[in-house]
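Results of the structural survey
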Amino acid sequence: MEKPEQYLSAETGNAVATLHSFHLQDWIEAGKPAAAVIVATEDTLAEHYTDLLSAPRITIEFAGFMDGRGFSHAAKLRQLGFKGELVAGGDVLADQWVFLQRCGFDALDNIALTASAETLPGISERYQADARELEPLFRRKRSA
Amino acid sequence: MYQYDQLDQTIVNERVAQFREQTERYLRGDLSDAQYLPLRLQNGLYVQRLAPMLRIAVPYGLISSAQLRAIARISRRYDKGYAHISTRQNIQLNWPQLEDVPDILADLAEVQMHAIQTSGNCIRNTTTDQFAGVAADEVVDPRPYCEIIRQWSTLHPEFAFLPRKFKIAVNGAEEDRAAIHFHDIGIELYRNTHGAVRLKFLVGGGLGRTPVIGSMIRDDLDPEHMLTYLEAILRVYNLHGRRDNKYKARIKILVKAMGVEAFRDAVDAEWETSRNGPNTLSDHALAEVAGHFTAPAYSAKDASAESAFLAEACAREPLFAGWVKRNTMAHKQPGYRAVTITLKATGQAPGDISAAQMDALAELADEFSLGELRTTHEQNMVLADVPQSELMTLWQALQPLGLAASNAGHITDMICCPGGDFCSLANAKSIPVAQALQERFEAMDYQYDLGPIELNISGCMNACGHHHVGHIGILGVDKKGQEFYQVCIGGSQAGNASIARILGPSFSRADLPTVIEKLLERYLELRESEQEQFLSVYERCGIEPFKDAVYGKA
Ligand code: HEM
Ligand code: SF4
């Protein structure tokens, strides 16, 4: 049913006040309120996008770290204009944090994992437009 | 050829540092095997039967002489002094130590090379025609498009954990030398009636356990939409491709399950979100990348003098004439030819090349071909820009290197996977089969009489050796723990794409040379003229006469 939880904000590094979260099915049954929603990577979101856009927070639970569907769910939600908080839960690797952020995630729901992810060496340049960098490289420095 | 700027270099350098740290964590025990697996695979590192294997990306098959020398150096320092040209135009090292791999990657980065996304469930190196930019039958030069796809797909954050690996090939010539019908996405570049470049998209082709010819889903895309459209296809695949069974996870299975129409509609619906978005290519961006692939300063001079020189040399030396006929190809630029150097000497694994040969080829590339080489998916190398008057000198220089065989496209120029000698998935060995066949058909006159023929060998149904698209294909199978081989015929990787049909019950390794010989003899009996090639005879007469030749009671 409803699941209270705590998570770490990427912005501040602080634990954020708990919000009541609905799992997708409960949220649908409750008439799609503007509440925090938890979706699983295998959920089909297509019919719900419009209503999901008003959620304050969406948590995407990865069924496994090889299950890349969560990246596409997030990227798509951001592309459609989702402005709330996007949290990655379930089985993800610290090494995936940079790609998760680039797909629009703000936070991992595992505080310890976020801390270790932040210490890993990353890659400072990128070719593609993504949820954070709105212009691809070929439209930025190179097209001067 | 594309030269890195500071930004490309930063990405590759930082990726090396990142992988070094990941490998350290793994060796310390902070990452489990399962966690390290996708990280190492995304950097080209396999663990196979005897040692790790490192696959180095050769973007769309272009490699400079300096890069080839670097590979030679690396293969001496960290490996056994040789490398392997793969059927996807990449270069593989078969014996590196895991601990050395970060250093190897750092050495590669110094010459603008890397192993990023050469394995794993991500978008792999894009492949194309080995004669891109020089082929006489080229309509659109595919290299700028390949480079744009390379940049877009490199470290793409959304598509690093796909259901399965993903391969893209691009063709821009009349003849398809890139096998675009057998890739997850095949792109055909052509010009419409107004002379503007357009893209045709094929999806869901592939080999492996379930060979499928790609289906056309769009045939008139403006190049500016190439990346957003690719992104739409990839997103549909990433969200809907099967993840429960790795043998059903390729996009070909999704396209079959949905049906081509429904798949096309899903892609179009997805494309609505990103169409005209930031990844839309500007003319400026396309032109800038194309600027890396302008025609070089061809120095040869007088085209008719060049061809007169060549004709005269051919008349003087029939062996040379045969090599020119089989191993060189018509060039866009009058006075030049493109040269194929086959890596199929009897007694060596097809596609293997020694460090000494790499150094020597780099030298020859500098001397005769503007310092550039290409790798081919037939596991050969190409010098693409040789003046016709230099061909004789080049041919003579190749002889002491053991690289002058004039068998390009002929039966001993076969494609062969590493098989049971190196690969833990193999049902059977494949390299000894290649060797036995090479020995049997070594006689050049016989090969030439047979004419062009493609023979492909895989050690198991994963089909790394492309047996499904060989005119003759050989597949290693396991029969109660014994190595056996299935033979199929009639495949084609070209524009008239087709999948080979199985001839019948499998054979022991010892019987294979005789079986293949019977097929070839039957072909020679059936052909109506010397011009009629094996594949045409098969298409005309069907499989029965060949079955009869092999299984019939004589
Ligand atoms: C020795 C270690 C190797 C292993 C364990 C291996 C494993 C595999 C597997 C499992 C597949 C099937 C993938 C699928 O169906 O999705 C595959 C496909 C393929 N492999 Fe390998 N391979 C090895 C070496 C090579 C080498 C050396 C080459 C090049 C000469 C190669 C070229 C290919 C190609 C072109 C395919 C694609 C077939 C397709 O389109 O589905 N592989 N490999
Ligand atoms: S076809 Fe099979 S045996 Fe050959 S390399 Fe691929 S997986 Fe190994």
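Everything discussed here concerns the structure shown above.
Criteria and thresholds
- Residues numbered from 1 in each chain as written.
- Chains lettered and ligands numbered in written order.
- Predicted model: local features only at pLDDT ≥ 70, side-chain atom pairs only at ≥ 80, totals over all residues.
- Heavy atoms only, no water.
- Helix = DSSP H or I, 4+ residues; strand = E, 2+ residues; numbered from the N terminus.
- Rg over C-alpha atoms; globule rule 2.2 N^0.38 Å.
- Buried < 20%, exposed > 50% of the residue type's maximum accessible area, 1.4 Å probe, protein only.
- Areas by Shrake-Rupley, 256 points an atom, 1.4 Å probe, with all protein chains shown as cover.
- Lys, Arg positive; Asp, Glu negative; His and termini not counted.
- Charge placed at Lys NZ, Arg CZ, Asp CG, Glu CD.
- Near = heavy atom within 4 Å.
- Nonpolar A, V, L, I, M, F, W, Y, C, P; charged D, E, K, R; others polar.
- Pairing = 2+ DSSP bridges.
- Axes fitted to C-alpha atoms, helices over the stretch in contact; angles between N-to-C directions.
- Salt bridge = Lys/Arg side-chain N within 4 Å of Asp/Glu carboxyl O.
- Donors = N, O, S within 2.8 Å, 3.2 Å for Na, K, Ca; no water.
- Parallel < 35°, antiparallel > 145°, perpendicular 65-115°, else oblique.
- Left-handed = near helix turned anticlockwise from the far one by under 90°.
- Contact = heavy atoms within 4.5 Å.
- Polar contact = N/O pair within 3.5 Å; in protein donor to acceptor, adjacent residues only side chain to side chain.

1. Concerning the overall build of chain B
From N to C terminus, chain B includes 18 helices and 20 strands. For chain B, whose C-alpha radius of gyration is 23 Å, the value lies close to the compact-globule estimate of 24 Å for 554 residues. Summarising its shape, the C-alpha atoms of chain B cover approximately 60 × 60 × 55 Å along the three principal directions. Per-residue burial for chain B yields a buried fraction of 63% across its 554 residues. Surface exposure of chain B reaches about 20000 Å², of which carbon and sulfur atoms provide 50%. Distance from the positive charge centre (55 side chains) to the negative charge centre (69 side chains) of chain B: 7 Å.

2. Section: the site of ligand 2
Around ligand 2, the neighbouring residues are Cys417, Pro418, Gly419, Cys423, Leu425, Ala426, Ser458, Gly459, Cys460, Asn462, Ala463 and Cys464 of chain B. Considered class by class, the residues forming the shell around ligand 2 number eight nonpolar, four polar and no charged.

3. Topic: the sheet that holds strand β13 (residues 352-354) of chain B
All names here are of chain B. Strand order in the open sheet formed by five strands is β1-β2-β5-β4-β13, and the pairing between neighbours is antiparallel. Of all strands in the sheet, those with a lone pairing partner are β1 (45-47) and β13, marking the two edges. Across the sheet, the axes of successive neighbouring strands diverge by a mean angle of 30°, strand direction being ignored. Looking at chain direction, strand β2 (residues 52-56) and strand β5 (residues 91-93) are connected through three bridges and run antiparallel. When the bridges of β5 are listed, Arg55 appears paired with Gln92.

4. With respect to the pattern of salt bridges
Opposite charge on two side chains permits them to pair, given that their charged atoms come into close proximity. Residues and elements named next belong to chain B. Taken as a whole, this structure holds 40 salt bridges over all chains when the rule is applied. The salt bridge involving Arg235 is made with Glu158; its shortest N-O contact spans 2.8 Å. With Arg235 in helix α6 (residues 226-240) and Glu158 in the loop between α5 (143-153) and β7 (168-171), this pair connects stretches of sequence that are 77 residues apart. Of the residues examined, Arg235 reaches a relative accessible area of 4% and is grouped as buried. Among the residues examined, Glu158 registers a relative accessible area of 4% and is labelled buried. Linking Arg264 and Glu261 is a salt bridge whose minimum nitrogen-to-oxygen distance equals 3.0 Å. You can see Arg264 and its partner Glu261 sitting in helix α8 (residues 260-274), three residues apart, about one turn around the helix.

5. Points about the coordination of the iron atom of ligand 1
From the protein, the iron atom of ligand 1 takes a single donor atom, Cys464 of chain B (SG), 2.1 Å away. Topologically, Cys464 of chain B is positioned in the loop between β17 (455-458) and β18 (472-479).

6. Overview of the packing of helix α3 (residues 65-78) of chain B against helix α4 (residues 101-110) of chain B
For any two helices packed against each other, one specifies the inter-axial angle together with the distance between the axes. All names here are of chain B. Look at α3 against α4: their axes get within 10 Å of each other, and the N-to-C directions meet at 160°. Comparing the axis directions of α3 and α4 gives the class roughly antiparallel. With respect to the hand of their crossing, α3 and α4 are arranged in right-handed fashion. In this structure, α3 uses Ile71, Ile74, Arg77 and Tyr78 to contact α4, whose residues at the interface are Asp103, Ile104, Asp107 and Leu108.

7. Concerning unusual backbone geometry
Residues and elements named next belong to chain B. Phi is positive for Tyr60, which is not a glycine, with a value near 40°. On the secondary structure map, Tyr60 appears in the loop between β2 and β3 (62-64). Of note in this structure, His466 is not a glycine but carries a positive phi near 60°. Looking at the secondary structure, you find His466 in the loop between β17 and β18.

8. Some details on the interface of chain A and chain B
On the chain B side, the residues contacting the 38 residues of chain A number 47 residues. Between the two partners, chain A and chain B, sit three salt bridges. The partner of Glu270 of chain B in a salt bridge is Lys76 of chain A, with the nearest N and O atoms 2.9 Å apart. The interface formed by chain A and chain B includes 19 residue pairs in polar contact (both at pLDDT 80 or more). Secondary-structure elements contributing two or more residues to the side of chain A that touches chain B are α3 (69-79) and α4 (97-102) of chain A. When residues in the side of chain A that touches chain B are grouped by element, the largest group, seven residues, is from α3 of chain A. Residue classes in the side of chain A that touches chain B are distributed as 17 nonpolar, nine polar and twelve charged.

9. Description of the environment of Gly122 of chain A
Structurally, the position occupied by Gly122 of chain A is in the segment after α5 (111-118). For the pair Gly122 of chain A and Val98 of chain A, spaced 24 residues apart in sequence, the C-alpha to C-alpha distance is 7.2 Å. Beyond its immediate chain neighbours, meaning those up to four positions away, Gly122 of chain A contacts Glu14 and Gln18 of chain B.

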